[in-house]
Amino acid sequence: LYVAGAYIWVENSPAYNVVDVDLFDLIEEDITFYESKGKVLLCGDFNARVGNGSKLDYIDCDSSVDYIDYDDYMPDVPVKRTSQDTVCNSHGRRLLDLCKSSGFRLANGRLYDDNEIGAFTFVNNNGCSVINYLILHNDDFDILKMFSIEPFNEWSDHAPLSFKIFCNIEKYFF
């Protein structure tokens, strides 16, 4: 199990002028590499606003075509997602595309305590947004035993994301 913490600079950040790299491409490359070794979870501040559930993180109306697809091709399964944030920015579109290309899904607004809520994860004087996410492969939802957006506190304008992972570990004693 590989758990990655991520931070992607806000759009138009001066940091983009310092490095010549596409962070979404790097994340996609890492997903491909580490998925060959085990399960992958991404968590962090992506500064991506994906809007409400009308913006999909899966391919709509996906199906298997016998004479074209590989035998192991699994079409995307629609899973409803909700968000209190209705705005979608360019980072959000990139994140949704990343999810579509990798089979990953946003846990926010979809699982456990945040199901059908999609609580805000960032609040400041300019308003509220959802920019912090837990992202994992659609087939790996069952390894999560809890997911919630915790209350804001005095130490940050970001709400903590909390989740529990079920790990089936066998102990052998000799």
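Up top is the structure.
Starting afresh in each chain, residues are numbered from 1 along the sequence in its written order. Restriction of local features to residues with pLDDT of at least 70 applies here, the model being predicted, together with a cutoff of 80 or more for giving and counting side-chain atom pairs; totals for whole chains, interfaces and linings are based on all residues. Processing note: side-chain calculations cover all non-hydrogen atoms of the structure and skip hydrogens and water entirely.

Asker: What's the story with the pattern of salt bridges in this structure? I'm lost.
Answerer: Any two side chains of opposite charge can pair if their charged atoms end up close together. Between Lys or Arg on one side and Asp or Glu on the other, a salt bridge is scored when a side-chain nitrogen of the former is within 4 Å of a carboxyl oxygen of the latter. In the structure shown here, the tally under the stated rule is five salt bridges. Its salt-bridge partner being Arg-94, residue Asp-22 comes within 2.8 Å of it at the nearest N-O pair. One end of the pair, Asp-22, is in the loop between α1 (15-18) and α2 (23-35); the other, Arg-94, is in helix α3 (residues 90-102), and 72 residues separate them in sequence. Throughout this description, buried means an accessible area under 20% of the type-specific maximum (1.4 Å probe, protein chains only), exposed means over 50%, and partly exposed covers the range between. Judged by relative accessible area, Asp-22 falls into the partly exposed class, the value being 27%. For Asp-57, the salt bridge goes to Arg-110, with nearest N and O atoms at 2.8 Å. Of this pair, Asp-57 sits in the loop between β2 (40-45) and α3 while Arg-110 sits in the loop between β3 (104-106) and β4 (122-124), and the two are 53 residues apart along the sequence. Here Asp-57 matches Arg-110 in class, with each residue buried. Where salt bridges share partners, they join Asp-22, Asp-25 and Arg-94 into one cluster. Numbering of helices and strands runs from the N terminus; a helix is a DSSP stretch of H or I covering at least four residues, while a strand is a stretch of E covering at least two.

Asker: Explain a nonpolar patch on the surface to me, please; I cannot follow it from the model alone.
Answerer: On the surface, Val-18, Val-19, Val-21 and Leu-26 cluster together to form a nonpolar patch covering roughly 300 Å² of accessible area. With respect to the helices and strands, Val-21 occurs in the loop between α1 and α2. Note that patches include only residues with greater than 30% relative accessible area and no salt bridge, and the join distances are 9 Å for like charges and 5 Å for nonpolar side chains (Val, Leu, Ile, Met, Phe, Trp, Tyr). Under the convention used here, a 1.4 Å probe and the Shrake-Rupley method define accessible areas, while residue burial counts only the protein chains that appear.

Asker: Honestly, the nonpolar core in this entry has me stumped. Any pointers?
Answerer: The nonpolar side chains of soluble globular proteins are, as a tendency, buried together. Counting 21 residues, the largest nonpolar core has Ile-27, Leu-42, Phe-46, Leu-95, Leu-106, Tyr-133 and Ile-135 as its most contacted members. Secondary structure elements with two or more residues in this core: α2, β2, α3, β3 and β6 (132-137). Throughout, a contact is declared for two residues whenever any of their heavy atoms are within 4.5 Å. Ignoring anything within four residues of it in the chain, the contact list for Leu-42 reads Ala-4, Ile-27, Ile-31, Phe-104, Tyr-133, Leu-134 and Ile-135. In plain words, nonpolar cores are sets of buried Ala, Val, Leu, Ile, Met, Phe, Trp, Tyr and Cys residues tied together by side-chain atoms within 4.5 Å. Judged by nonpolar contacts, the second largest core, of 14 residues, contains Cys-43, Leu-136, Phe-141 and Ile-149.

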